[in-house]
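The chain contents come next:
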Amino acid sequence: MAWTKYQLFLAGLMLTTGSINTLSAKWADMFNAKGCQEEPERPFSHPFLQAVGMFLGEFCCLAAFYILICHDKRRPEPRVNRGQSFNPFLFLPPAMCDMTATSIMYVALNMTSASSFQMLRGAVIIFTGLLSVAFLGRRLAPNQWIGIFITILGLVIVGLADFVSGNKDSSRKLSDVITGDLLIIMAQIIVSVQMVLEEKFVYTHDVHPLRAVGTEGFFGFFVLSLLLIPMYFIPVGNFANNPRHVLEDALDAFCQIGHQPLILLALLGNTVSIAFFNFAGISVTKEISATTRMVLDSLRTLVIWVVSLALGWEQFHGLQVLGFLVLLVGTALYNGLHRPLLARIPCCARFANEDEGGSGERERLLNDGRVQTGDNS
């Protein structure tokens, strides 16, 4: 069945805003500007402040939810399921996981390329699968185990591509590239803990997806904003690229923004895009299918890589292409995207039916719009 204009709009919105989210964060990192002191220009390196902006975007989803409810009240027959009442503090543990993982990933984005950043985030399915077996008692289907092993292979290839490019690229230290890649993979462990916590404690309640994202954004925004105060006084040596060598110097960030206003444009792009990306992702799941959302999220990686090449932010490496393709196959197998293809082949139809058993619960949650295939950042 052909897509409607609205469905095409939602798919385009998800792909565009998802790509802008990563590209705008990397664009901010690439600016050079003076700080609060009289000194030469230096890179804008304020990952924790960027994470605050990202959570502000998620927080906006809560406002969008209440606007949607107010608009729905005007209808003769309300159609929006507001969900049941719940304790908002249920969202605090997954929000803290999200806050920690996002902050680590923004630190890593300063060290590696935007395309590698996006590709390596595919590691989340490895840890989510393993943790769901250990803590949710889930049994993974054979295709999911194969998908996990293929994803590991893809991560090795992408890491090797970064190692080779780091040796050739004089603008980036090889040690920084490797550290950045490892930080991204480490962050995916925390993201997988977040997903397991959400599924075990949060999604047993009937919570509207926009409200869920917005509530987590609320906690992430206010807690991380408060943490910027002690971060201003915590020395970390050369790990931080600011004059005082503290964990985060928010005042220095505002001074750099004042000297280079385009940084503010990049930060606003990151904040606004994450809000629309979450809305579009939830809507795609509802209006089209969870499978479409998975495919679009994978295409987002390709768009980020192509745009980064076109802007000259990174160089072309054949190994990276191979790594992306292998990761794509691993993700597709894990999420069961091979089943429709097998179902069309008479001799393979029974294998498609066998695979459905292990991932049926996740597919149900996806179709309810309550499990996100991508992360919130």
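For clarity, every value in this text was computed on a predicted model and none was experimentally measured.

A. Representation of the overall build of the chain in the model. Looking only at helices and strands, the chain has 14 helices and two strands in total. Among the 377 residues that make up the chain, the fraction classed as buried is 52%. The contacts in the chain between residues at least 6 apart in sequence include a share of 79% that link residues at least 24 apart. Accessible surface computed for the chain: about 17,300 Å², of which carbon and sulfur atoms make up 68%.

B. Just helix α3 (residues 92-109), in detail. Here α3 spans 25 Å end to end across 18 residues, near enough to the 26 Å set by a 1.5 Å rise per residue. Along α3, 14 of the 18 residues are buried, which leaves the element largely enclosed by surrounding structure.

C. Up close: the state of the cysteines. Overall, the coordinates contain one disulfide when judged by the stated rule. Covalent S-S linkage joins Cys36 and Cys255, the inter-sulfur distance amounting to 1.9 Å. On the sign convention where negative means left-handed, the S-S torsion of about 90 degrees between Cys36 and Cys255 marks this disulfide as right-handed. Of this pair, Cys36 sits in the loop between β1 (32-33) and β2 (42-43) while Cys255 is found in helix α9 (residues 250-259), placing the two residues 219 residues apart along the sequence.

D. Spotlight on the nonpolar core. The biggest cluster of nonpolar side chains holds 58 residues, and the ones touching the most others in it are Phe44, Leu224 and Ile263. Core analysis: the next-biggest nonpolar cluster, separate from the first, contains seven residues, Phe65, Ile69, Leu210 and Ile282 among them.

E. Representation of the side chain of Gln256 within the structure. In this structure, Gln256 sits in helix α9. Looking at Gln256, its side chain comes within polar contact range of the side chain of His46, at 2.9 Å. Apart from the residues lying within four places of it in its own chain, the contact partners of Gln256 are Ala33, Lys34, Gly35, Arg42, Pro43, Phe44, Ser45, His46 and Ile263.

F. Focus on unusual backbone geometry. A positive phi angle, near 55 degrees, is found at His245, a position not held by glycine. Take His245: it is sitting in the loop between α8 (209-231) and α9.

G. Layout of the confidence of the model for the chain. For the chain, the average pLDDT comes to 83, and 86% of its residues sit at 70 or higher. Across residues 357-375, where pLDDT falls below 50, the model places 48 contacts with residues more than four positions away in sequence or in other chains.

H. Here's a closer look at the packing of helix α2 (residues 47-73) against α3. At a closest axis distance of 8 Å, the pairing of α2 and α3 adopts a crossing angle of 130 degrees. Of the possible angle classes, the one that applies to α2 and α3 is oblique. At the point where α2 passes α3, the crossing takes the right-handed sense. Contacts from Pro47, Phe48, Gln50, Ala51, Met54, Phe55 and Glu58 in α2 reach Asp98, Met99, Thr102, Ser103, Tyr106 and Val107 in α3. For the contact of α2 with α3, the class distribution of residues is eight nonpolar, three polar and two charged.

I. Representation of a nonpolar patch on the surface within the structure. Taken together, the side chains of Leu130, Val133, Trp145, Phe149, Ile152 and Val156 present a nonpolar region at the surface, about 520 Å² in accessible area. Mapped by element, the contributors of at least two residues to the nonpolar patch are α5 (124-135) and α6 (142-168). Top contributing element to the nonpolar patch by residue count: α6, with four residues. Looking at the secondary structure, you find Ile152 in helix α6.

J. View of the pattern of salt bridges. This structure, assessed with the given rule, holds four salt bridges. Here Asp72 ties to Arg75 by a salt bridge, and the two come within 3.3 Å at their closest N and O atoms. Asp249 serves as the salt-bridge partner of Arg244, at 3.8 Å between the closest nitrogen and oxygen. The class of Asp249 is buried, set by a relative accessible area of 4%.

Criteria and cut-off values
Residues numbered from 1 in each chain as written. Predicted model: local features only at pLDDT ≥ 70, side-chain atom pairs only at ≥ 80, totals over all residues. Heavy atoms only, no water. Helix = DSSP H or I, 4+ residues; strand = E, 2+ residues; numbered from the N terminus. Buried < 20%, exposed > 50% of the residue type's maximum accessible area, 1.4 Å probe, protein only. Contact = heavy atoms within 4.5 Å. Areas by Shrake-Rupley, 256 points an atom, 1.4 Å probe, with all protein chains shown as cover. Expected span 1.5 Å × (residues − 1). Disulfide = S-S within 2.5 Å. Core = buried A, V, L, I, M, F, W, Y, C linked by side-chain atoms within 4.5 Å. Polar contact = N/O pair within 3.5 Å; in protein donor to acceptor, adjacent residues only side chain to side chain. pLDDT = per-residue confidence, 0-100. Axes fitted to C-alpha atoms, helices over the stretch in contact; angles between N-to-C directions. Parallel < 35°, antiparallel > 145°, perpendicular 65-115°, else oblique. Left-handed = near helix turned anticlockwise from the far one by under 90°. Nonpolar A, V, L, I, M, F, W, Y, C, P; charged D, E, K, R; others polar. Patch = residues over 30% accessible without salt bridge, like charges linked within 9 Å, V, L, I, M, F, W, Y side chains within 5 Å. Salt bridge = Lys/Arg side-chain N within 4 Å of Asp/Glu carboxyl O.

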